[in-house]
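Overview (structure and organization)
Spelled out, the chains give:
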Amino acid sequence: MRLLLWLALAAGLALGSGPDRRLAVQRGLRFIYQTACDPKNFSVFGEDYLWCFYSIGSTSRDPALARLAMAMGRERAAVWSRENPLLPENPPPRDIDDMTFGAYVSEKLGCPNPRLKEQIRRAAPRYSAQDYLKFDAWHEPPPSDVPEDCRKCDMVNARGATVCRRCGAPLKFRSRYDVWFDALITAYTGDRYGVMLGAPYSQVIRWLPSMRPYRRRDEMTENDFYSTVYSITHVVYTMNDYSKYRLSPKSLPDEFAYLKSNLEESIRMHDPETMGEFLDTLKSLGMKDSDPLIRSGMDFLMSTQNPDGSWGDPKTDDIYLRYHPTWTAIDGLRDYKWQTRPR
């Protein structure tokens with residue numbers, strides 16, 4: 001009995017918290033891995049799953065959690081590499097973007113493919129920043145006239161289009177923050193893999209001042225609020241190499257203030273997915289687990305985990321809405337081994 005008690009206490013200390021929190025994180029990770037092993041899920045979201053396992057494994061302070069995530073990631077990366085050995089012939093920009101993401105994280109997980117990398121390097125320059133990022137990041141800030149992909153036929157339409165040129169269905173414009181959020185990820189990934197996807201990250205992040213000031217929650221729709229929050233969290237992620245390094249709140253004062261003032265919106269909206277992103281970005285900006293705001297968010301996550309280990313709506317058929325809230329909740333609860341940024 002004493003040995004079991006000691007092991008339980010030691011497990012809790014590994015995350016700087018009680019064993020319940022550590023167990024919640026591990027249960028969540030095992031749920032994600034279980035869904036990733038479904039071939040149908042992995043064929044659609046394989047690259048995202050790999051990034052989940054790698055980011056958790058490479059930045060977690062708990063050695064056991066890091067080992068578990070990296071083992072899951074390496075196993076899945078081997079599968080992804082077998083299934084994606086070469087770039088498809090005449091790939092569109094979206095496929096090059098996806099393959100770059102998958103090849104980059106597979107390489108980080110120990111499955112490099114030099115031939116695929118060379119194919120991506122040769123194919124990437126065929127397209128422009130407009131093709132990859134939906135706007136010309138070299139010359140303009142994120143715009144407000146980018147239509148959503150057609151919900152009826154999945155057609156990608158030109159900027160300014162209000163009806164789909166294939167099926168005639170009406171189109172809605174994306175939030176400029178939503179466009180920017182995707183562009184940050186694409187440019188960041190290209191930089192890290194050594195391939196320019198339309199523009200380097202430096203050209204995308206330089207539009208940060210033009211995205212300020214951020215509107216209050218009561219001044220916009222729910223979708224616009226989410227787009228704003230996710231663009232801010234991904235400014236933080238891409239600037240801190242996805243939770244490898246701490247950032248000074250003085251470097252992002254507007255973003256830091258917005259995150260702090262809106263964290264409790266996730267509790268009011270009963271939204272563990274966004275709460276996870278509030279928590280890990282605020283932690284990277286220096287806030288401690290003992291801070292009442294951080295503690296309230298973590299208590300919310302601990303109270304909303306599903307019996308199967310997941311977070312989010314267990315009744316939805318959309319697997320993304322099962323594994324992704326679980327991933328962000330894990331990131332909100334776990335502790336990080338912050339590194340010193342090389343000079």
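Residues numbered from 1 in each chain as written. Predicted model: local features only at pLDDT ≥ 70, side-chain atom pairs only at ≥ 80, totals over all residues. Heavy atoms only, no water.

**A closer look at the overall build of the protein**
The helix and strand inventory of the protein stands at 15 helices and zero strands. Along the three orthogonal principal directions, the C-alpha set of the protein runs to about 70 × 50 × 50 Å. Partitioning the intrachain contacts of the protein with sequence separation of at least 6 by distance along the chain shows that 68% fall at a separation of at least 24. About 16,200 Å² of surface is accessible on the protein, with carbon and sulfur atoms providing 54% of the total. (Helix = DSSP H or I, 4+ residues; strand = E, 2+ residues; numbered from the N terminus. Contact = heavy atoms within 4.5 Å. Areas by Shrake-Rupley, 256 points an atom, 1.4 Å probe, with all protein chains shown as cover.)

**Description of the side chain of arginine 322**
With respect to the element layout, arginine 322 can be found in helix H15 (residues 320-333). Judged by relative accessible area, arginine 322 falls into the buried class, the value being 10%. Beyond its immediate chain neighbours, meaning those up to four positions away, arginine 322 contacts Phe31, Asp308, Ser310, Trp311, Asp313, Pro314 and Thr316. (Buried < 20%, exposed > 50% of the residue type's maximum accessible area, 1.4 Å probe, protein only.)

**Remarks on helix H14 (residues 292-303)**
An ideal rise of 1.5 Å per residue puts 16 Å on twelve residues; H14 measures up with 16 Å between its terminal C-alpha atoms. Looking at H14, one finds that the buried residues are Leu293, Ile294, Gly297, Met298, Phe300 and Leu301. The arc enclosing the buried residues of H14, seen along the axis, measures out at 155 degrees, which places them on a common side. Pointing more than 90 degrees away from the buried face of H14 are the exposed residues Pro292 and Ser303. (Expected span 1.5 Å × (residues − 1). Arc of directions from axis to C-beta.)

**Looking at the packing of helix H12 (residues 253-268) against helix H13 (residues 272-284)**
The contact between H12 and H13 brings their axes to 9 Å, and the two run at 150 degrees. Viewed along their axes, H12 and H13 adopt a mutual orientation that is roughly antiparallel. Pair H12 / H13 crosses with left-handed handedness. Along the contact surface, H12 presents Phe256, Leu259, Lys260, Asn262, Leu263, Ser266 and Ile267, while H13 presents Thr274, Met275, Phe278, Leu279, Thr281 and Leu282. (Axes fitted to C-alpha atoms, helices over the stretch in contact; angles between N-to-C directions. Parallel < 35°, antiparallel > 145°, perpendicular 65-115°, else oblique. Left-handed = near helix turned anticlockwise from the far one by under 90°.)

**What about empty space enclosed by the protein?**
Considering all chains together, one arrives at one cavity of 30 Å³ or more under this definition. There is about 40 Å³ of room inside the largest cavity. Trp80, Ser81, Asn84, Ala103, Ser106, Glu107, Cys111, Pro112, Asn113, Leu116 and Tyr193 together form the lining of the largest cavity. Counting residues per element, the ones that place at least two in the lining of the largest cavity are helix H4 (63-83) and helix H5 (93-108). The element best represented in the lining of the largest cavity is H5, accounting for three residues. When grouped by side-chain class, the residues that make up the lining of the largest cavity number six nonpolar, four polar and one charged. (1 Å grid on protein atoms, 1.4 Å probe; cavity = no way out; pocket = protein on both sides within 12 Å on 5 of 7 lines; lining within 4 Å. Points joined across faces, edges and corners; volume = space filled by probe spheres on them. Nonpolar A, V, L, I, M, F, W, Y, C, P; charged D, E, K, R; others polar.)

**Remarks on the packing of aromatic side chains**
On inspection of all chains with the given rule, the structure shows 21 aromatic pairs. Relative to tyrosine 201, the ring of tyrosine 188 has its centre 6.3 Å away and its plane inclined at 80 degrees; by these criteria the two rings are edge-to-face. Separated by 13 residues along the polypeptide, tyrosine 188 in helix H8 (residues 176-193) and tyrosine 201 in helix H9 (residues 201-205) bring together distant segments of the chain. Like tyrosine 188, the residue tyrosine 201 is buried in the burial classification. Joined through ring pairs, the aromatic side chains of Trp51, Tyr54, Phe101, Tyr104, Tyr188, Tyr193, Tyr201, Tyr237 and Tyr242 make up one cluster. The cationic tip of lysine 117 hangs over the ring face of tyrosine 193; the distance from NZ or CZ to the ring centre is 4.6 Å. Directly above the ring of phenylalanine 225 sits arginine 217, whose terminal nitrogen or CZ lies 5.1 Å from the centroid. (Phe/Tyr/Trp six-rings, centres within 6.5 Å; stacked < 30°, edge-to-face > 60°. Lys NZ or Arg CZ within 6 Å of the ring centre and 35° of its normal.)

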